[in-house]
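Spelled out, the chains give:
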Amino acid sequence: MTDLFSKFDPLIQQRETLLATGVTDPYNLVMEKVISPTVAICNGRETILLGTYNYMGMTFDEDVIAAGKDALDKFGSGTTGSRVLNGTYQGHKECEEALKEFYAMDHAMVFSTGYQANLGIISTIAGKGDYVILDIDSHASIYDGCAMGNAEIVAFRHNDVEALEKRLKRLPPEAGKLVVLEGVYSMLGDVAPLKEMIRVSKENGAMVLVDEAHSMGFIGEHGRGVAEAQGVLDDVDFVIGTFSKSVGTVGGFCVSNHPKFEILRLVCRPYVFTASLPPSVVATAATSIRKLMHGSNKRAHLWENSKLLHKGLRDLGFTLGTAEAQSAIIAVIMPDLEQGAMMWEALLEEGLYVNLARPPATPANMTLLRCSLCAEHSRAQVDEILGRFERAGKRIGIIG
Ligand SMILES: Cc1ncc(COP(=O)(O)O)c(C=O)c1O
């Protein structure tokens, strides 16, 4: 018998080697108590959270929590059904209405996760014989959507407009083409040149899908994302998003102005063949989305935090993923996985949680400490974060 697990041996070996150094397992952390969007108890210690993607800090918003509790009381704990059978409640419709208003678009479809939104939309609209042209650093859910739909994948160099154009020009003019882009790329926190990319996509007859998972709620005047900030939202055919970041709960969605969009509810397998979100979740999401429409003060504060942290870390001598703060993600580049894991642990001992990202999930096989800021981080917390980075960085020898 061939052990089907033998393919994992290199990963098991890499993990064992890392843990043998005595470092804490970075993928096994437990949040014992969560005090606020920015503070939790981990390993019995009060810890500042700097790796949650909870950009707008909506998880503890009073109105959001009240809406969830009310829906739990009135509609029960779950729908026990698909959106196309018994799983569409009033709350799902209200959530879709809130999204349509938030984006000023005609159609909105709520999925159980953002992963399923990409999986569902991409696999349903791009099938065998169609082409999906995507940035090589695209999220796993985008690649999985392509694989599920059986479309031909054409990858181009990260954020390279010329490479995208070259690939598009090589494809048969009459073929179905979907260009898939992200507003903010979550590994380095860099923003896509959507304006130019969407222009060349349209010139070459492609439809465009933009995943705004890491920009919704924060970037753009109304928080609609990078496409809004660059003035090209009207040219985007499909916007994908998630409730698991700025919205502060779980779920995913697609919004669009395509006149035939509603047919997707009958043919999109990751929408049809799974249970819908619990009533409490859609109620919290709808309330949060409506509040985010009026979140300009929070957006301004989050930009301040992001710029402050970026400058502070750069001045301390850390190598960062972008020259300037482009989003609420600041990636600190580590020399290798071992030192990255040691630095991650040293920060945790200081009472600071960040995400450790390692190959193969990262671009160019980098090890990254990914920091994501929250609109609820105070100025004092950002100063404290910088102090903890300085102490840990000196102790591990990453900075002098
Ligand atoms: C770009 C991007 N798209 C989609 C997703 C999936 O979102 P969800 O957590 O709702 O499944 C993520 C989550 O990390 C993401 O970063």
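One can find the structure itself at the top, above this paragraph.
Residues numbered from 1 in each chain as written. Predicted model: local features only at pLDDT ≥ 70, side-chain atom pairs only at ≥ 80, totals over all residues. Heavy atoms only, no water.

## A short note on the packing of helix α6 (residues 161-170) against helix α7 (residues 194-203)
Phase 1 of the analysis: Put simply, α6 and α7 touch, their axes get as near as 10 Å, and they point 10 degrees apart. One way to sum up the angle between α6 and α7 is to call them roughly parallel. Contacts from Val161, Leu164, Glu165 and Leu168 of α6 reach α7 at Glu196, Met197, Val200, Ser201 and Glu203.
Phase 2 of the analysis: Counted by class, the contact of α6 with α7 contains 5 nonpolar, 1 polar and 3 charged residues. (Axes fitted to C-alpha atoms, helices over the stretch in contact; angles between N-to-C directions. Helix = DSSP H or I, 4+ residues; strand = E, 2+ residues; numbered from the N terminus. Parallel < 35°, antiparallel > 145°, perpendicular 65-115°, else oblique. Contact = heavy atoms within 4.5 Å. Nonpolar A, V, L, I, M, F, W, Y, C, P; charged D, E, K, R; others polar.)

## Quick word on the sheet that holds strand β12 (residues 252-256)
Phase 1 of the analysis: Sheet architecture is open: 7 strands sit in the order β4-β12-β11-β10-β7-β5-β6, paired in mixed fashion. Of all strands in the sheet, those bounded by a partner on one side alone are β4 (107-111) and β6 (152-156). Shown here is a sheet whose adjacent strand axes are inclined to one another by a mean of 20 degrees, direction ignored.
Phase 2 of the analysis: Judged from the 4 bridges that link them, strand β5 (residues 131-135) and strand β7 (residues 177-182) form a sheet pairing that is parallel. Bridge assignment links Val132 to a residue of β7, and that residue is Leu178.
Phase 3 of the analysis: Taken strand by strand, helix α3 (residues 90-103) contacts β4, β11 (238-242) and β12, and its axis lies near 130 degrees from that of β4.
Phase 4 of the analysis: Each of β4, β5, β7, β10 (207-211), β11 and β12 touches helix α4 (residues 114-125); the most contacted strand, β11, lies at about 155 degrees to it. (Pairing = 2+ DSSP bridges.)

## Some thoughts on the site of the ligand
Phase 1 of the analysis: Near the ligand you find 14 residues, and of these Gly114, Tyr115, Asp211, His214 and Thr242 are the closest.
Phase 2 of the analysis: In the model, an oxygen atom of the ligand is placed 2.7 Å from a nitrogen or oxygen of the His214 side chain.
Phase 3 of the analysis: The separation between an oxygen atom of the ligand and a polar side-chain atom of Thr242 is 2.6 Å.
Phase 4 of the analysis: Contact with the protein chains covers 84% of the free accessible surface of the ligand, which is 390 Å².
Phase 5 of the analysis: Counting residues per element, the shell around the ligand draws most heavily on α4, which supplies 3 residues. (Near = heavy atom within 4 Å. Polar contact = N/O pair within 3.5 Å; in protein donor to acceptor, adjacent residues only side chain to side chain. Areas by Shrake-Rupley, 256 points an atom, 1.4 Å probe, with all protein chains shown as cover.)

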